[in-house]
Amino acid sequence: MEFDNENSIMDENYYACLNISKDASQDEINAAYRRLSRMYHPDKHVDADLKKKADLLFSKIKKAYEVLSDPHQRAIYDTVGVKGLNTDGWEIVQRTKTPQEIREEYERLERERIERRLQQRTNPRGNVTVSINATDLFTAYDADDDYLDKSFFPALEISGMSISQSIEAPLTLRDTLTLSGNLSTRNGNGAGSFLVACKRLLTTNGWIEGELLAGNGPVASIKLFRTITKTIFGNFATQLKMTANGIKLGFVSSLGMPLDAHTQGYLTWNIGFASSMTTMLVRDTETSYSAAVFSLGLSSSFVSMNHVWKINKADLRLRVYGKVGTANTVVECSVDKKVSEQSSLGAAVSVGIPSGVVLKIKIIRAHHNYFFPIHLCEEPSLIPTVYAVVTPIIVWFAVKKLIVDPFVREQKEKHIERQREINKNKMEEKRREANAAIELMKAAYERIRREEENRNGLIILNALYGKEADILARNDPPGDQEREIIDVVIPLQCLVKNSQLTLHDTSKSQLSGFFDPCVGEDKVLYIQYLYHSHLFETTIKDREGIRIPKQSHRVNVT
């Protein structure tokens, strides 16, 4: 059963209902409908109670068949699901239109809805940086002089703070207005700035943006992005800065070019304020990110390397960064961990000349970032570096154990409970429907199993569907609570055809005879079966496709 994240409505999956793939042909749709009709058609049953149940289930598979057999309805269903078939306004889609034209019509209507919502939406972003001077922890001042205060505790002071905030206000589908401001203070000296920018999408190949910055001298700039050829694109910017000595002109030009499927090359010229030429190579894959930069400038030159390992299964990013330049030299290692859908934590240790040892703590919540650089030592030193590495690890495990894990667990339980409460009636209806389907399948089950036994074919011995943890612990004594598992031997055996069983990559809860016993939980399907008198077993994820028998499922009995 599939959930809409906004309203949590359990939607019907017509493909799973007929147990066919999303690219099934008309012949496959017809065959699946005929197969299920033999079990569920009301005329196949004499008993009044069974006939009533059959009528209910037959109406369901008939509805699925009618939608998927009609190219127009199928196109709408594939694009927006069941809600598209019931949405007011679809009467404007003429029956003479092709499925592709229907999809284009929906996309047009969706663009209009998006444009109406743009007027009511902004994208606020914020950054807060608090710089902490903690050098007294490792290199305390000599307190022999009378004018220095003697204290048992090391001195920690906030040496600087910066707060910035911005909003993006989409005006139309092509125009975006950005407003941002920044306030900062460092060792008693403060500064601020305010930026207004307007960006317009010219074509699919380019955009133009105008900026006006007020702060330490007004700055006006115009930026242009353009795809020059099929493989080369560029950014161009012109800046005018008002100073006490007159107007200064700056120009920045950057060209980019893909070198292969994952690698980009960039060449940037900066003329005016800080003249330089920079070359950069970037390689970005699913598992890593690398960047090499060489910059030659009048005020400073440097070479830097940056590599990030993406451990997607653990939502983890490990980063190593090194920079050697005329102004400074830095080596930095960092780790970022995603702790929830909207939150991330990060820590970095930076060792450099002349910056010394700095521990950087980062907290990200939605579009707001909080940075806490803690200056530990004025120059590179082993002991502060070790403390900077070990302390975040200890703090992270303590925070994870005492705060993060309980919070994530509580949020997940609340979400599951909310889903179940919203869909309570629908869940109970699905349960009754599944039980009715199994009752109607019994005659077909006996016949199919008998045929498979006669040909020494595929016989389902045991099949369980439900909460992953409960199925993995199925052989353990039951606990205080009832396990969220259902027996699906009969429905699976009825899907066996010519000693083969095929299930597609959709939620198994939509199959005939199935229902979702644990809404919101991770579910699996366990199958134990005989084929040619040999024992097989397998466990698959809820949305994993499978075809059995399969040799790798065979159980070696000693």
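Given the structure is predicted, the values throughout are model-derived calculations rather than measurements.

Caption draft 1: Broad picture of the overall build of the protein chain. When helices and strands are counted, the protein chain shows 10 helices and 25 strands. Taking the intrachain contacts of the protein chain between residues at least 6 apart in sequence as the baseline, contacts between residues at least 24 apart amount to 44%.

Caption draft 2: Focus on the packing of helix α3 (residues 48–69) against helix α4 (residues 71–80). Direction vectors running N to C along α3 and α4 enclose 100°, while the axes themselves pass 5 Å from each other. Viewed along their axes, α3 and α4 adopt a mutual orientation that is roughly perpendicular. Between α3, through Glu66, Val67, Leu68 and Ser69, and α4, the contact on the second element is made entirely by Pro71, Gln73, Arg74 and Tyr77. In terms of residue class, the contact of α3 with α4 is built from 4 nonpolar, 2 polar and 2 charged.

Caption draft 3: Spatial organisation of the environment of valine 330. Structurally, valine 330 can be placed in strand β16 (residues 329–338). A sequence separation of 26 residues divides valine 330 from serine 304, and the C-alpha atoms of the two residues are 9.1 Å apart. Filtering out sequence-adjacent residues up to four positions away, valine 330 remains in contact with Tyr321, Gly322, Lys323, Ser350, Val351 and Gly352.

Caption draft 4: Local environment of the packing of aromatic side chains. The full count for this structure, using the stated rule, is 11 aromatic pairs. By way of ring pairs, the aromatic residues Trp207, Phe225, Phe233 and Tyr266 are connected into one cluster. The ring of tryptophan 207 has lysine 199 sitting right over it, with the charged end atom 4.3 Å from the ring centre. Above the plane of the ring of phenylalanine 302 lies lysine 323, whose end atom (NZ or CZ) is 4.6 Å from the centre.

Caption draft 5: Structural context of the packing of helix α2 (residues 26–40) against α3. Two elements in contact, α2 and α3, have axes separated by 10 Å at closest approach and are oriented at 175°. Between α2 and α3, the interaxial angle falls into the category roughly antiparallel. Residues Gln26, Ile29, Asn30, Tyr33, Leu36, Ser37 and Tyr40 of α2 form the contact with α3, whose own contacting residues are Ala54, Asp55, Leu57, Phe58, Ile61, Lys62, Tyr65, Leu68 and Ser69. By residue class, the composition of the contact of α2 with α3 is 10 nonpolar, 4 polar and 2 charged.

Caption draft 6: Region of the structure containing a positive patch on the surface. A cluster of basic side chains, namely Arg34, Arg38, Lys44 and Lys497, defines a positive patch on the protein surface. Relative to the elements of secondary structure, arginine 38 occurs in helix α2. With relative accessibility at 52%, the residue arginine 38 sits in the exposed group.

Caption draft 7: How the structure looks around α3. With 22 residues, α3 ought to run about 32 Å at 1.5 Å a step, and its terminal C-alpha atoms sit 31 Å apart, in line with that. Its side-chain oxygen at 3.0 Å from the backbone nitrogen of aspartate 49, aspartate 47 defines the N-terminal cap of α3.

Caption draft 8: The arrangement of unusual backbone geometry in detail. Isoleucine 353 connects to proline 354 through a cis peptide bond whose omega is 10°. The topology assignment puts proline 354 in the loop between β17 (343–353) and β18 (356–365). Cis geometry is adopted by the peptide bond preceding proline 549, which originates at isoleucine 548 and carries an omega value of 10°. Mapped onto the elements, proline 549 comes out in the segment after β25 (546–548). If you check the backbone angles, serine 499 has positive phi at about 60° while not being a glycine. Within the element layout of this structure, serine 499 appears in the loop between α10 (489–494) and β22 (501–503).

Caption draft 9: Expanded view of the nonpolar core. Counting 54 residues, the largest nonpolar core has Leu18, Tyr40, Leu68, Ile460, Leu492, Leu501 and Leu525 as its most contacted members. The leading source of residues in this core is helix α8 (residues 424–454), at 9 residues. Counting residues in hydrophobic clusters, the runner-up holds 8 residues, among them Val349, Leu359, Leu376 and Cys377.

Caption draft 10: Layout of the side chain of aspartate 470. Positionally, aspartate 470 belongs in helix α9 (residues 468–472). Accessibility expressed as a relative area gives 16% for aspartate 470, which makes it buried. Polar side-chain contacts of aspartate 470 include one of 2.9 Å to the backbone nitrogen of glutamate 484.

Caption draft 11: Expanded view of the sheet that holds strand β20 (residues 458–467). In spatial order, the strands read β21-β20-β23-β24; together these 4 strands make up an open sheet with antiparallel pairing. Each edge of the open sheet carries a strand with a single partner, namely β21 (485–487) and β24 (534–541). Taken over all neighbouring pairs, the strand axes of this sheet differ in orientation by 15° on average, direction set aside. Relative to β21, β20 is paired through 3 bridges, and the arrangement is antiparallel. In the strand pairing of β21, tyrosine 465 is matched with isoleucine 486. Contacts from α8 reach β20 and β21, with the element oriented near 140° to β20.

Caption draft 12: Local environment of the side chain of aspartate 175. As for its placement among the helices and strands, aspartate 175 is situated in strand β5 (residues 175–186). Among the polar contacts made by the side chain of aspartate 175, one reaches the side chain of threonine 172 at a distance of 3.0 Å. Among the polar contacts listed, one links the side chain of aspartate 175 to the side chain of arginine 200, at a separation of 2.8 Å. Beyond its immediate sequence surroundings of up to four residues, aspartate 175 is in contact with Ala169, Pro170, Lys199 and Arg200.

Criteria and cut-off values
- Residues numbered from 1 in each chain as written.
- Predicted model: local features only at pLDDT ≥ 70, side-chain atom pairs only at ≥ 80, totals over all residues.
- Heavy atoms only, no water.
- Helix = DSSP H or I, 4+ residues; strand = E, 2+ residues; numbered from the N terminus.
- Contact = heavy atoms within 4.5 Å.
- Axes fitted to C-alpha atoms, helices over the stretch in contact; angles between N-to-C directions.
- Parallel < 35°, antiparallel > 145°, perpendicular 65-115°, else oblique.
- Nonpolar A, V, L, I, M, F, W, Y, C, P; charged D, E, K, R; others polar.
- Phe/Tyr/Trp six-rings, centres within 6.5 Å; stacked < 30°, edge-to-face > 60°.
- Lys NZ or Arg CZ within 6 Å of the ring centre and 35° of its normal.
- Patch = residues over 30% accessible without salt bridge, like charges linked within 9 Å, V, L, I, M, F, W, Y side chains within 5 Å.
- Areas by Shrake-Rupley, 256 points an atom, 1.4 Å probe, with all protein chains shown as cover.
- Salt bridge = Lys/Arg side-chain N within 4 Å of Asp/Glu carboxyl O.
- Lys, Arg positive; Asp, Glu negative; His and termini not counted.
- Charge placed at Lys NZ, Arg CZ, Asp CG, Glu CD.
- Buried < 20%, exposed > 50% of the residue type's maximum accessible area, 1.4 Å probe, protein only.
- Expected span 1.5 Å × (residues − 1).
- Polar contact = N/O pair within 3.5 Å; in protein donor to acceptor, adjacent residues only side chain to side chain.
- Core = buried A, V, L, I, M, F, W, Y, C linked by side-chain atoms within 4.5 Å.
- Pairing = 2+ DSSP bridges.

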